[in-house]
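Residue-level listing of the chains:
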Amino acid sequence: MEKITTMLPKNHSAAPLFTLPDQNGKEHALADYKGKWVLLYFYPKDDTPGCTKEACTIRDSFPDFKKLKITVLGVSVDSVKSHKKFEEKYELPFTLLSDETKKVVGAYGVWGKKKLMGHVYEGTFRTSFLIDPRGKIAKIYEDVNPVVHAADVLSDLEELARS
């Protein structure tokens, strides 16, 4: 899949603030997580092969995320109801946020034209942001590989914690 164009926030810049509902309809504001590490991961669609693999890999590594005190927030443009079904089906222990208005995917530069087998369409790029306790972007992961993403983030956070 080819990404057409996007403007991501920069490393070490302030993470764009937002408030979105989770899979239970509860509002979450990024500002509420100040003082904590946050993995903000954007994914295209609930219950699709790559997105399920990514979510389940994070789920399986979740004890390590908890040990390192990383809050995991998954974001897609799917509905609250879709997120609830996805969470229940795969027993996901982390928060899924619904961005149906596409304001947050726009603010993070992860929404745009995608090209797959000659077909151009708009969608969410599989991109993650590791946000530090000050609310700054510590690392950006573009073109995420769903199979190894959780391990990459955990490794990077351990390295950042040492420095």
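This text follows the structure it describes.
Residues numbered from 1 in each chain as written. Predicted model: local features only at pLDDT ≥ 70, side-chain atom pairs only at ≥ 80, totals over all residues. Heavy atoms only, no water.

Asks: Got a minute to help me understand the nonpolar core in this structure?
Replies: What tends to happen in soluble globular proteins is that the nonpolar side chains get buried as a cluster. Ranked by internal contacts, the top residues of the largest apolar core, which has 25 residues, are Y41, I58, F65 and F94. When contributions to this core are tallied by element, the ones reaching two or more residues are β4 (37-42), α1 (49-60), α2 (62-67), β5 (70-76), α3 (80-90), β10 (137-141) and α5 (149-162). F94 has contacts with Q23, Y41, A55, I58, R59, F62 and V72, leaving out every residue within four places of it along the chain. (Core = buried A, V, L, I, M, F, W, Y, C linked by side-chain atoms within 4.5 Å. Buried < 20%, exposed > 50% of the residue type's maximum accessible area, 1.4 Å probe, protein only. Helix = DSSP H or I, 4+ residues; strand = E, 2+ residues; numbered from the N terminus. Contact = heavy atoms within 4.5 Å.)

Asks: How should the pairing of β4 be read in this particular structure?
Replies: Remark: a regular strand shows side chains that alternate across the two faces of the sheet. Judged by how many residues are buried, β4 sits mostly within the fold: six of six residues are covered. Along β4, one buried face is formed by W37, L39 and Y41 and the opposite face, lined by V38, L40 and F42, is buried too. As paired elements, β4 and β5 share six bridges and run parallel to each other. From the neighbouring strand, W37 faces β5, where its bridge partner is I70. Across five bridges, β4 lies against strand β9 (residues 127-131) in antiparallel orientation. Across the sheet, residue V38 finds its bridge partner in β9, namely I131. (Pairing = 2+ DSSP bridges.)

Asks: How should I be thinking about α3 in this particular structure?
Replies: Because the α-helix completes a turn every 3.6 residues, residues three or four places apart line up on one side. Turning to α3, its buried residues number three or more, namely H83, F86, E87 and Y90. Looking down the long axis of α3, one finds its buried residues gathered within 100 degrees of arc, a one-sided arrangement. Of the exposed residues in α3, the ones pointing more than 90 degrees away from its buried face are K81, K85, E88 and K89. Positioned one or two residues after α3, E91 has a phi angle of 50 degrees, which is positive. (Arc of directions from axis to C-beta.)

Asks: Looking at this model, I keep getting lost on the packing of aromatic side chains. Mind explaining?
Replies: Geometrically, a pair of aromatic rings is defined through the distance of the ring centres and the angle of the planes. As enumerated under the stated definition, the model contains nine aromatic pairs in all. Judged by centre distance (6.0 Å) and plane angle (70 degrees), the rings of Y41 and F94 are edge-to-face. Of this pair, Y41 sits in strand β4 while F94 sits in the loop between α3 and β6 (95-98), and the two are 53 residues apart along the sequence. Per residue, the accessibility class of Y41 equals that of F94, and both read buried. Among the aromatic residues, those joined into a cluster by ring pairs are Y41, Y43, F62, F86, Y90 and F94. (Phe/Tyr/Trp six-rings, centres within 6.5 Å; stacked < 30°, edge-to-face > 60°.)

Asks: Hey, could you run me through the sheet that holds β6 in this one?
Replies: Neighbouring strands of a sheet are bound in pairs by backbone hydrogen bonds; such pairs are parallel or else antiparallel. The five strands lie next to each other as β6-β5-β4-β9-β10, forming an open sheet whose pairing is mixed. Two strands close off the open sheet at either side, each with one partner strand: β6 and β10. Sheet twist, expressed as the mean angle between neighbouring strand axes with direction ignored, is 20 degrees. Strands β5 and β6 of the sheet are contacted by α3, whose axis makes an angle of about 160 degrees with β6. (Axes fitted to C-alpha atoms, helices over the stretch in contact; angles between N-to-C directions.)

Asks: Sorry if this is basic, but what is going on with the pairing of strand β7 (residues 111-116) here?
Replies: Bridge analysis of β7 against strand β8 (residues 119-124) gives six bridges, and the strand direction is antiparallel. Bridged to K114 within β8 is Y121.

Asks: Help me understand α1 in this model?
Replies: The first and last C-alpha atoms of α1 sit 16 Å apart over 12 residues, in line with the 16 Å expected at 1.5 Å per residue. Of all the residues in α1, the buried ones are C51, T52, E54, A55, C56, T57 and I58. Packing partners of the buried residues in α1 comprise β4, α2, β5, α3, β9 and α5. (Expected span 1.5 Å × (residues − 1).)

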